[in-house]
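# Topology and contacts: notes
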Amino acid sequence: MKLNQRIFWSLILAIPLLFSGLGCKKFLDRKPLTATLDDLNQGALEGQVLNLYTTLRTYAGFSTLPWIDFHSIRDDDAQKGSDASDGREINTEFETFQYTKDDWAPNSYWGDHFFMINTANNAIYTAQTSNLTDEASLRNVGEACFFLAYAYFELVKTYGEVPLINFPILKPTDAIQPKATVPRLYEFIDSNLQVAAQYLPLTTDAYGSAYKGRLTKGAANTLWAQTYLFRSDWAKVIALCTEVINSGQYSLLPEFSDLWREGLQGAGKNSAESIFEMNANVGQNAVSNSAVYNGTAWGTSQQVRQNGAPIEWNLGWGWNTPTDKLVNAWPNDDPRKKKTILYSGEFDGGPALGGHGATVPAYTNPDGTGGLAQKYWNKKLYTGNDPAMRNYTGYVNNNGDAGWINHRILRYADVILMLAEAANESGDGATAAANLELIRNRASGNLGAGRTIVPVIPFTDQAQMRAAIKNERRWEFAMEGYRFYDLVRWGDAITELSSLGYTNRCRYYPIPQGPITLSGGVLEQNPEWQ
Amino acid sequence: MKCFQTAGQKPSPSKALLIMKLTTLMMLFFTVNVAANGFGQDKISMRVKKTEISGVLRSIEQQTNYRFLYNYDLEDIHDKVSLNVKDAGISDVMNLLLGSTNLLYQLMNDNLIVIKEDPNVPVDVVIKGKVTGEGGTPLLGASVQIKGTNIGTSTNIDGNFSITAANANVTLVISSVGYDIQEIPLGGRTEVDISMKLATKVMDQVVVIGYGTASKRDLTGSIVKVSGKEVADKPNTNPVSSLQGKVAGLSVVNNGTPGAQPDIRIRGTVSIGQVHPLYVVDGIFNDNIDYLNPNDIESIEILKDPSSLAIFGVKGATGVIAITTKRAKAGQVTVNFNTSYGFKKLVDKIKMANAQEFKTLFDEERTNNGVTDPYDYSGLDANTDWIDAVTQTGNFSANNISVSGSSEKNRFQFGAGYTHDEGIVRHETLERITVSLADELKLNKFIRMGINFNASRQDNPYDATWVLDAARKVIPLVSSGTKNFYVKNPYGTDSLNMDIYSALDLGLQTAGVINPLVTLENEWDKTINREYRTVGSFYLDINFLKYFTFRPVLYADVSTVNKRVYTPLYYSYNPRTLVPSLASQTTRVTEDDRTWRKFQQDYVLTFKRNFGDHGVTATAGFTTYYFGNFNRYGRSSQANGPTALPIPDDERFWYITNGFQDPSTTSASSDQSENSTVSYLARVLYNYKNKYFLNGSFRDDASSRLPEANRHQQFWAVGAAWDISKEDFMQNQRIFDFLKLKGSVGVLGNQSASRLDGTVLDYPFYPRLNTGSNAVFGTNVYTAADPEYIPNPDLKWETVQAWELGVELNAFQNRLHFEANYYSKKTENLMTYVDRFALGLKNKLVNGGSLKNWGEEFSATWHQDFTRDLRLDVAGNITFMDNEMLSLAEDIPTGVLSRTFQNNGSAESRTQAGHPIGSFYGYVVEGIYQSYAEILASPVASSVGAYAPGDFKFKDINGPDGKGPDGRITTDDRTFIGNPTPDFMYGVSVNLSYKGLNLSIDGNGVYGNEVFRTWGSLESPFQRVNYSGDKINRWHGPGTSNWVPIVSQEHRFNYNGSTYNIEDGSYFRIRNIQLGYNFDKNLVSRWKIRDLRVFVNVQNAQTWKNNYGYTAEFGGDATAFGYDNAGGAIPMTTTFGLNVTF
């Protein structure tokens, strides 16, 4: 009996000890009986950061008319397009350089960029205050930093001095800040891109298997190179472009027009030449089901506008069209010209020239009565007429919309040409010529050194090479929104744009009156526009 | 010597037993073999198995010369034995044979052996006696027990008892409530008269503390014990409701819905999250006790101070209500039956405008709004009191039977109850059946095992909590009756006559206002809401090494609620056109299944020993707790289309898949959560000479709800007490019979994690995922899971630093008992849900801010015997309480926790540093603008809204700079306008008994708090509601009123929360009056009845209050309470009861 009792005792007393030793941790490790962020392979910031991509896709200041107004329509090669009565004020504000302090487009452009800045700041603040240091969260921080730099780079190019908001807005008055100097803004951009380049992965595979087009280290370095290009810091441009090239992640597509092809269900998106695209998607039968519409107005705003043409030409709003100046200046033997400009009244050239085998209705008059209102259209976006995709989404005939088209924001050709320009400016003509040749050879259809069209341009002197590179950027990036800021950067804006009404102060747009009024005088207008 | 065995020497039974066991084994192989071995010296060898002793003796006689002489009637001679001996002497054989009997043998000459009974063997003796109480009165029901056994009985009406003992040398233990326990060594007596002495030490009460019981005298804390009798005969389905006003420091805010949980707080509001106390029922932790039959409760203990609560660790900070259910007592079988029946009546009805008043006010309002044409009242000719229309006289009945009994080895108690409880709103009925069983079995001297089991089935009432509010909104011009129409059968193609309720006047009342009878009368019986709950425990009580007790216990509480709601088809008619139309057009079914599983295991080791003057009780334990909640919710609607049939109005089809449903409308969802804790605990109760006391306790809690790194939190308390009355210098005074000073200090925990509105965060470390924005990569669309808030890796539970100082005393021959305590509790690291949505920032869950509760409690009882028959007990308690928010989490952007209600958030509770928790916030009304001239002469208020004469004149208090009046009325002029926490609360009770008759009166009240009335002023100005009665005194021209504003919904200015809505929440209530009669025991014993009592009880007989509402008591949650939303009526309940014990 005594012995039995002892055994019994030991057993009883052992239960709690067993529990604490073995079962306890398991008993106490309880996760929600539904998915957590970990289960979804998401950091705590994922939601906030995805919101930044959504902002890029859906806010007008990034992907639709205001962005096009500021970047493309302001230059000499692109114009508003559409028809005479649509967006008439844009002609005044952007074509003829009578900038306004209070209108939809300039107000949206300012407000949307600060929205992105605040969203990114909040995400970074979340990470800092919660000590989020897991890999997924750090990647998210890198993404937020990229978007901060992206937005500020756009702002500093557009306005010069703007308020520096590098903190979360905890109360409304926090947003009232004076302007920061341009060097200070660039310093802030640099600091963010440094973080972005550090945390962003080399390839999108790090995010998971199906995140094509998400931000990478290459995107951060390319944007960073752009910012140095605008500061004429050639060494930094060379270093960053070389890093992107040496990463081995990118290459020029053999066929120039393939870069713009979307294909059914996005087959051509996020190509090897693409470093960063604003991604959009429109699912099957989206026209009758908004749940599968995750599109953007980027493609829609730049498609052929129907006006008096048959209903199948109801493809979009018809903004951002080539000018006569571009058409006349561009040598006809450059194959890129017919892949960039779509001519009214002509056959679109079929797949070889990025077309779909249709004949575009004729231009009639600026009002489009009886036909089209524009002579030329932006063919880089003409992919929106892709009949297969239109039938798939249901956006066909009367439902003209092309929400699935990605905005190619950063592409590898820019890295090559930036390197060429920076090498030339720093006295390395050979490198400049070699890189220029990469672009020209591809433009010719890879005909090689002995070709007669888009011929090789050997280096003779710096000025000769500089002119060649400027021309190359003009053709290669036509209608893509590079030219206005390039002209300003090169100091060529007065020469090229004064006939349109451009004066030196037009390099910066005035700050909208709304924020100035709200700030109670803390935020001051650019003195040139007071 | 020749074989003369001395008489009376008994072989050692244990040795014999052992030998016999061995022999049994051998018996399987050998048969009887007895060998004779010489005269007089015969050696015996034999093997027998289970043979009567007499048979063995016969065998010996046959094979030896021994002869036996004995009386064949001796009982033990027929005992069966097994025996295996070889060459044994006769004495050895006899010892083996008779060792386990009461027989002796004597070896006489001539080999004659005489066998007879041992005269000294104890035989059962019947002990008789009489127990008398004070003044020699016979004591009925006194417990008489034989010490060290479970054998017991109780005295009858004459105080007589009779008990069977093994011998007359045992000690009797006699106890009776109110008397000191006596131990009487019988010393051979079989008849004793015992005179009991009135208990001198009330403090020797045994109270339940966590993981054990203790004498209240040994404790340093504040525990109040309430007898189960106090709640058993009160007409409340929830036993805690009956504690209102009974216990200092315990705040109970009742409401009138049957079965509904009262808002209970112990010593103030200690958190901005969870504030309700922990229930501990027979050791099991629980968050509600709705399965308990009040009649099964033996006692309720309220634990309030750090010294008592630290052992509960992370659940201790809000206080503990420990409930002990009934156990069988030693003694004979007792059957108790009790029943009560009564009715509930609505009292203190709120005043609303009648038909004439409504017309007067409405016509005036139209004029005020510039409408000139008179309103067309045609068809609206009723004068309905809508509150009368939706209320009823509710019936209450409770019936219980319990049987208890015990034997030496076993005690058991069985109870069954049935309660039928109707509310004052029509069709609001709760039905509950409960069964309880407790059994304890003594396995041997060391081990007892027991089970407790409670099961209940409850049919919850149709949710009619909205009805009172809906009723008072309807204008009195609408009829509450039905009209008969010949209409199409909504379930068929035929037509039939139906009685149909009126809809409201579409021109006047649409949004947010309905005729409650249309819904109530058509839907009340279309809901099945049934809860099954089983709660049980199994334990062992193991005593070993004399001073140790080990008690392992396993508990389980499993409950399910199945709620099915069917929406039928029904008509209402337009009161103007008298055209009926379908008010409900689609049949629907929703099903809601909720399951709770709670498991707990305790392993508690207790050591109890006195070392000379030092008394030590030490406890160490290990416990785990598991909580799981699993809910499923589904719904379906009838199919559409010309051929589709409605879901029939038949319970058979009230399921999601009923064969009539449209699959596309069928949906299901679930939510579920689990959490667990693992805890270690320790406690030492020490006393020196029963004069100086020290208590120390400690608990370590590890919770699954915290991040792993800081999962463990420790809580502790130490307490000290000094029984001054035991000191020598107190021995010569005659005033104090007992005087104890006590104090304790400790750190308690509060496992609170909720959003500000009180909804619980099941996994505080894992925020719920909301659906974020869509991002596209390639052709893949990602809906980012957006965490509701930022998870905080440093999260921990709130801690409460508490201390108290107190005194307990008895004086004037124990007629006075008095207790006083000062307490202070500072809650730190408040678990705060920081809402930053308005800033576009992520919400957070942080530990931040602190809160203080402090106060004084006094309670006293006076007992007076005027004559032998006339006795008086008076008791009273009062608690002064204060609450202040010391700081809030720094992360809160506005520096204030705000809770807003009604339209535009016009009713606001603010929790802000420097103010009591949940203080009301709004404008201060100085009066009514009587004229435009007065408006011009007053600060401009246009930033609040457009205003005119007849509107509130708000006081200019502050400007945007916070530096006092600025000459403008703006939102900066809002201020703290009320505190929902009373300055003090109190309770009194008087108990008068004369012979069998007794009368008790209980009252309770609070003083100094405010209530926020949201009705009759802050309804949405877009819905037309009936005017509250006070609107008759409205402003309708200069000088007509300086308090009630102009009647006009267009004057939105008056729809701001202000002191106009603030009312004095002080009240005093006669909570309970009970008149009872205990029949003369001599009389009822003729019918074999031991006890018979009849009583009449009136609950809430009268309330004195100062506000407009039905009642002055309104509960809520931690940061928003005290709102009068035109509901909460508490009925007056009159019951008649009968209690019989057989």
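Quick caveat: nothing in here was measured; it's all calculated off a predicted structure.

So, how was this worked out
Residues numbered from 1 in each chain as written. Chains lettered and ligands numbered in written order. Predicted model: local features only at pLDDT ≥ 70, side-chain atom pairs only at ≥ 80, totals over all residues. Heavy atoms only, no water. Helix = DSSP H or I, 4+ residues; strand = E, 2+ residues; numbered from the N terminus. Contact = heavy atoms within 4.5 Å. Polar contact = N/O pair within 3.5 Å; in protein donor to acceptor, adjacent residues only side chain to side chain. Buried area = accessible area lost by both parts, 1.4 Å probe. Salt bridge = Lys/Arg side-chain N within 4 Å of Asp/Glu carboxyl O. Nonpolar A, V, L, I, M, F, W, Y, C, P; charged D, E, K, R; others polar. Buried < 20%, exposed > 50% of the residue type's maximum accessible area, 1.4 Å probe, protein only. Pairing = 2+ DSSP bridges. Axes fitted to C-alpha atoms, helices over the stretch in contact; angles between N-to-C directions. Patch = residues over 30% accessible without salt bridge, like charges linked within 9 Å, V, L, I, M, F, W, Y side chains within 5 Å. Areas by Shrake-Rupley, 256 points an atom, 1.4 Å probe, with all protein chains shown as cover. Parallel < 35°, antiparallel > 145°, perpendicular 65-115°, else oblique. Left-handed = near helix turned anticlockwise from the far one by under 90°. Phe/Tyr/Trp six-rings, centres within 6.5 Å; stacked < 30°, edge-to-face > 60°. Lys NZ or Arg CZ within 6 Å of the ring centre and 35° of its normal.

We now examine the environment of D492 of chain A. All names here are of chain A. In this fold, D492 is placed in the loop between helix 18 (483–490) and helix 19 (493–497). Sequence separation between D492 and N289 is 203 residues, and the spatial gap between their C-alpha atoms is 48 Å. What D492 contacts, discounting residues up to four positions off in sequence, is K470 and L487. Among the polar contacts made by the side chain of D492, one reaches the side chain of K470 at a distance of 2.9 Å.

Counting from both sides, the interface comprises 55 residues of chain B and, opposite them, 56 residues of chain A. Of all residues in chain B, Y766, V776 and F777 of chain B bury the most surface against chain A, accounting for 14% of the area lost on that side. At the boundary of chain B with chain A, the tally comes to 2 salt bridges. Here chain B and chain A share 11 residue pairs in polar contact (both at pLDDT 80 or more) between them. Those elements giving two or more residues to the side of chain B that touches chain A turn out to be strand 29 (527–544), strand 30 (548–567), strand 33 (588–611), strand 34 (614–637), strand 35 (667–688), strand 36 (692–703), strand 39 (769–777) and strand 40 (780–787) of chain B. Along the lines of polarity and charge, the residues of the side of chain B that touches chain A split into 31 nonpolar, 17 polar and 7 charged.

Attention shifts here to the pattern of salt bridges. Evaluation of the coordinates by the stated rule reveals 92 salt bridges over all chains. The partner of R1069 of chain B in a salt bridge is E1113 of chain B, with the nearest N and O atoms 2.4 Å apart. Here E1113 of chain B lies in the loop between strand 59 (1091–1105) and strand 60 (1123–1124) and R1069 of chain B lies in strand 58 (residues 1067–1078), a separation of 44 residues in the sequence. We classify E1113 of chain B as buried; its relative accessible area is 4%. Connected via shared salt-bridge partners are E273, D334, R336, K380, R411, R440, R442, E472, E476 and E480 of chain A.

All names here are of chain B. One open sheet holds the 4 strands; their spatial order is 48-49-50-53, and the pairing between them is antiparallel. Since the sheet does not close on itself, it has two edges, and those belong to strand 48 (897–901) and strand 53 (975–978), each with one partner. Taking the axes of each pair of neighbouring strands and ignoring which way they run, one obtains an average angle of 40 degrees across the sheet. Note: strand 50 (residues 919–922) against strand 53, 3 bridges, orientation antiparallel. By the bridge assignment, F920 is partnered in strand 53 with G978.

Take a nonpolar patch on the surface next. All names here are of chain B. On the surface, a nonpolar cluster with roughly 590 Å² of combined accessible area is contributed by F414, I433, V435, L437, I451, F453, F538 and L554. Of all the elements in the fold, those that place two or more residues in the nonpolar patch are strand 25 (429–442) and strand 26 (447–459). Ranked by the residues each element gives to the nonpolar patch, the list is headed by strand 25, at 3 residues. With respect to the helices, strands and loops of the structure, I433 is situated in strand 25.

What follows deals with the pairing of strand 25 of chain B. Residue and element names in this part refer to chain B. Here strand 24 (residues 410–422) pairs with strand 25 via 13 bridges, running antiparallel. Note that in strand 25 the partner of A416 across the bridge is V435. Linkage of strand 24 to strand 25, two consecutive antiparallel strands, is achieved through a turn of 6 residues, within which H427 is found at a positive phi near 65 degrees. Sheet topology places strand 25 next to strand 26; 12 bridges connect them, and they run antiparallel. Of the residues in strand 26, the one forming a bridge with A438 is N452. Taking the residues that link successive antiparallel strands as the turn, the strand 25-strand 26 hairpin has 4 residues.

All names here are of chain A. The residue A272 is located in the loop between helix 10 (234–246) and strand 4 (274–278) in this model. Through-space distance from the C-alpha of A272 to that of Y250 is 5.1 Å; in sequence the pair is 22 residues apart. The contacts of A272, once residues within four sequence positions are left out, are Q249, Y250, S251 and L253.

The next thing to look at is the packing of helix 6 (residues 104–129) of chain A against helix 7 (residues 135–159) of chain A. Think of two packed helices as two axes; the pair is described by the angle between the axes and how far apart they sit. Residues and elements named next belong to chain A. Packing of helix 6 against helix 7 brings their axes to within 9 Å, and their N-to-C directions diverge by 150 degrees. Relative to helix 7, helix 6 is oriented roughly antiparallel. Along this stretch, helix 6 crosses helix 7, giving a crossing that reads as left-handed. On helix 7, the residues that touch P106, Y109, W110, H113, F114, M116, I117, A120, N121, A123, I124 and A127 of helix 6 are V141, A144, C145, F147, L148, Y150, A151, Y152, E154, L155, T158 and Y159. Considering only residue class, the contact of helix 6 with helix 7 consists of 20 nonpolar, 3 polar and 1 charged.

So, about the packing of aromatic side chains. In this structure the tally under the stated criterion is 81 aromatic pairs over all chains. Ring centres of F70 of chain A and Y109 of chain A lie 4.1 Å apart, and the angle between their planes is 20 degrees; on these two criteria the pair is classed as stacked. Here F70 of chain A, found in helix 4 (residues 65–73), pairs with Y109 of chain A, found in helix 6; they are 39 residues apart in sequence, far enough to count as distant. Residue classification places Y109 of chain A among the buried residues on the basis of a relative accessible area of 0%. In this arrangement the basic side chain of R265 of chain B is found over the ring face of F1121 of chain B, its NZ or CZ atom lying 4.1 Å from the centre.

Right, let's talk about the environment of D118 of chain B for a bit. Along the chain, D118 of chain B turns up in the loop between strand 5 (112–117) and strand 6 (125–132). Spatially, the C-alpha atoms of D118 of chain B and T101 of chain B are 9.1 Å apart, while their sequence positions differ by 17 residues.

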